[in-house]
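Here are the chains, one letter per residue:
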Amino acid sequence: MASWLLWLIVVFTIITVGKGKQDGHQVCHPNDLKGLTSFKAGIHVDTSSRLAKWVGHGCCSWEGITCDETTGRVTEIRLPGFISTNDFVFQSQMRGLLSPSITLVSCLQVIDLGGLIGLAGRIPPSIGLRLPNLRKLYLYGNKLIGPVPGSIGKLSKLEELHLYENRLSGSLPSTMGNLKNLNQLLLYSNELAGTIPDSFTNLTNIVQMDLHSNILTGHIPQRIGEMQVLEKLDLSENLLTGKIPLSLANLNSISELYLDTNHLEGEIPFPSSFGQLSSLGFLRLDDNHLTGRIPASFGNMVSLQRVSLANNKFEGVIPSSLGNLSALKELYLSGNLLSGQIPESVGQLSQLIMFNVSHNQIQGPLPHELSSLENLQTLDLSFNHLNLISFPQWLAELPSLSRIYCARCGIQGEIPDFLQATPSPIQELDLSSNHLTGSLPAWLGRLTQLYKLNFSRNSLVSRIPVSVRNLQYLGVLDLHSNKLTGPINNVFQIGNAFSDGSLTYIDLSDNNFSTGIVQAGVGSQTGIQYLNLSHNFLGGRVTTTIGRLKSLQTLDLSCNKLGFNLPEALANVSSLEKLKLQKNHFTGRIPVGFLKLKRLKELDLSDNLLAGEIPAGKPLTDFPQSSYSGNKGLCGKPLSPCKVKGLLLVEEPLKPC
């Protein structure tokens, strides 16, 4: 009996002690509880409803919170904005301020508040002093402002720092060079200024460093080549100056290097010897001020898949060694001073899908070896000195080619018929600024996959064929500066049999069109953003249906013979930014509804027959006098005040032209 009682006492004690330990672990450490409740108090909207479940004192059971099983201290806060379920992924919001009291949770190893739309405030200045165990800090995709605290350099265990897509400002603290364990530094898409500290080159464990889309200035650190395990470096879209450091060639692990859209100058210093940058697959140096020749040693970087050297000042010939880049898929060389011919070795690039050498000084003839590029999808030869005379038929027979740009290549004669039956359906065709003559062929309507068509600046003489109505995917139509005639109604009926039109850009200016504007806004093409019909012979009234073009940003009907009153329906096009109606025969008053065009930045109603007082108010009164000149019946700001007799407004009589 005694032994039985003793056994009960032992069991009861074990249960009681165990329960006591369990309960003890469910109760937050006072600092953890205060830090978490302060964070919750700073948030006034939580679309995920996770914080609503933070009740009581047992914070270790709260959603998004992880505790150490031994100490009971909070080690992780994981409340990312992107929430994945079995059915879908959605992005939640937490509107409010990031409480600095979050640093009271002093044993934190992970903070993940990334992608929470609406989370504002500042990174706590004391974060590096209060959270010595922090390994991962994710505060990306929020609305944080202010500087990156210098105390972050005290986080000796930090491995990943993601602060991108915020509104952080100020300079990069040099103390960040102390983060010897850091392997990911993502600070892109902020407003960070100043120079890149030389101390960053001490981050010898860094694998990925992305600082693009800031306003950083100064030089790239000369010792950057000491970051030996660096695989991705993105310093693009800043204001960096100076030369590309020689030490970059020592980055043996680098696979992605983006230095584009800066103010870098000088020559490309790499690779200086065989074997350097052998892992480099993606290279962007475009939109800088780089000079010299493209190094022949480029052909040694055999892992290259995508290269952009566009919009610099490179000169000389395209090195034939580029033919050694067997993995190359995209090559952008446009906007330079390159000369000579395209090397025959380019035909060896069997993986090439994009080749752009536009806006250079390349000469013809084209090497027939290009006909071997079976995977080529996009070819841009525009604005060179090729003088092709005729469009090469073998070029149109490339099996994968669907985007052809041959603007100002010296092509003469009629639009070649073989373009109607290419192996791969043409999606984009630009033969602008050539010497094309004859008609727009009826077979254009068979190019049913066509998205962009540009035949501008030629000498085409015909009507727009009815068959263009079949181009249901057409988004860009540019036929300006030809001698085209007849009505334009076929354009507004493109894809009319389908629910939504795809046209966003139409330029038919500088032709001899006479009718058809009454169809604007009638069909399904209501998504037009740019419409230029200027310098034609269009007459009559502008239809009220033009007000259905709700996406219209630019409307140019200038230099025609349009008359009657200005279309009041334009007041409904709230997206309008540019309106040019000068040199027509419009009469009557300027509609008061034009005051609703709050986005209007450019207006020209000059040289018409308008009369009456200009409606008072923005934006109409903000435009210069030249916007209204040549309308002898107009008065009011910014023109001369209307004459007043007693309480009656007296308008100047309209004088004959």
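This is a predicted model, so every value here is computed, not measured. For every chain, the first residue of the written sequence is number 1, and numbering continues from 1 along that sequence. Where local features are concerned, this predicted model is filtered to residues with pLDDT of at least 70; where side-chain atom pairs are given and counted, the filter is 80 or more; whole-chain, interface and lining totals use all residues. In computing side-chain properties, one takes all heavy atoms of the structure into account and sets aside hydrogens as well as water.

Asks: How would you sum up the overall build of the protein? Please name residues and give values.
Replies: Helix numbering and strand numbering both begin at the N terminus, where a helix is a DSSP run of H or I of at least 4 residues and a strand a DSSP run of E of at least 2. Of regular secondary structure, the protein possesses five helices and 47 strands. Radius of gyration (C-alpha) of the protein: 33 Å, far over the 26 Å computed for a compact globule of 657 residues. On the principal axes, the C-alpha backbone points of the protein span a range of 120 × 80 × 50 Å. The 657 residues of the protein split such that 52% are buried. Between two residues, a contact is recorded if the distance between any of their heavy atoms is within 4.5 Å. Sequence-distant contacts, at least 24 apart, represent 57% of the contacts inside the protein between residues at least 6 apart. Note that accessible areas follow from Shrake-Rupley with a 1.4 Å probe, and for residues the cover is restricted to the protein chains shown. Of the accessible surface of the protein, which amounts to about 28700 Å², a share of 52% is contributed by carbon and sulfur atoms. Each radius of gyration is computed over the set of C-alpha atoms, and the globule rule expresses the reference value as 2.2 Å times the number of residues to the power 0.38. Buried means the residue's accessible area, taken with a 1.4 Å probe over protein chains only, is under 20% of the maximum for its type, while exposed means over 50%, and partly exposed covers the values in between.

Asks: I'd like to hear about the environment of Gly 56, residue by residue, with values.
Replies: For Gly 56, the position within the fold is in the loop between β1 (43-46) and β2 (65-67). Judged by relative accessible area, Gly 56 falls into the exposed class, the value being 51%. For Gly 56 and Leu 33, which are 23 residues apart along the polypeptide, the C-alpha to C-alpha distance reads 9.6 Å. In this structure Gly 56 touches Leu 33 and Trp 62, once residues within four positions along its chain are discounted.

Asks: Account for the UniProt feature "domain: Leucine-rich repeat-containing N-terminal plant-type" (unreviewed entry) in the protein, naming residues and giving values.
Replies: UniProt positions are given in the numbering used here, feature names are shortened, and annotations may be inferred rather than shown by experiment. On the UniProt side, "domain: Leucine-rich repeat-containing N-terminal plant-type" (unreviewed entry) is annotated at positions that read residues 29-68 here. Secondary structure content for residues 29-68 is 30% helix and 18% strand, and the end C-alpha separation is 12 Å.

Asks: Help me get a handle on the state of the cysteines, residues and values and all.
Replies: Sulfur atoms of two cysteines make up a disulfide when they are within 2.5 Å. Inspection of the entire model under this criterion finds three disulfides. A sulfur-sulfur separation of 1.6 Å characterises the disulfide bridge that pairs Cys 28 with Cys 59. Handedness here is read from the sign of the S-S torsion; for Cys 28 and Cys 59, about 125°, the answer is right-handed. Of this pair, Cys 28 sits in the loop between α1 (2-26) and α2 (30-41) while Cys 59 sits in the loop between β1 and β2, and the two are 31 residues apart along the sequence. Residue Cys 28 shares its accessibility class with Cys 59, and that shared class is buried. With a sulfur-sulfur separation of 1.9 Å, Cys 635 is cross-linked through a disulfide to Cys 642.

Asks: Outline unusual backbone geometry, listing residues and values.
Replies: Looking along the chain, the bond that leaves Gly 364 and enters Pro 365 is cis, with omega of 0°. Relative to the elements of secondary structure, Pro 365 occurs in the loop between β26 (354-356) and β27 (378-380). Notably, Asp 510 is not glycine yet its phi reads approximately 55°, a positive angle. Examined against the element boundaries, Asp 510 turns out to sit in the loop between β35 (505-507) and β36 (512-515).

Asks: Describe the environment of Leu 259, with residues and values.
Replies: Along the polypeptide, Leu 259 turns up in the loop between β18 (256-258) and β19 (265-266). The class for Leu 259 is buried, based on a relative accessible area of 0%. Once the C-alpha coordinates of Leu 259 and Leu 450 are considered, the two residues, 191 residues apart in sequence, prove to be 34 Å apart. Apart from residues no more than four positions distant in its own chain, Leu 259 is found in contact with Ile 220, Leu 235, Ser 236, Ile 244, Leu 248, Leu 264, Arg 284, Leu 285 and Asn 288.

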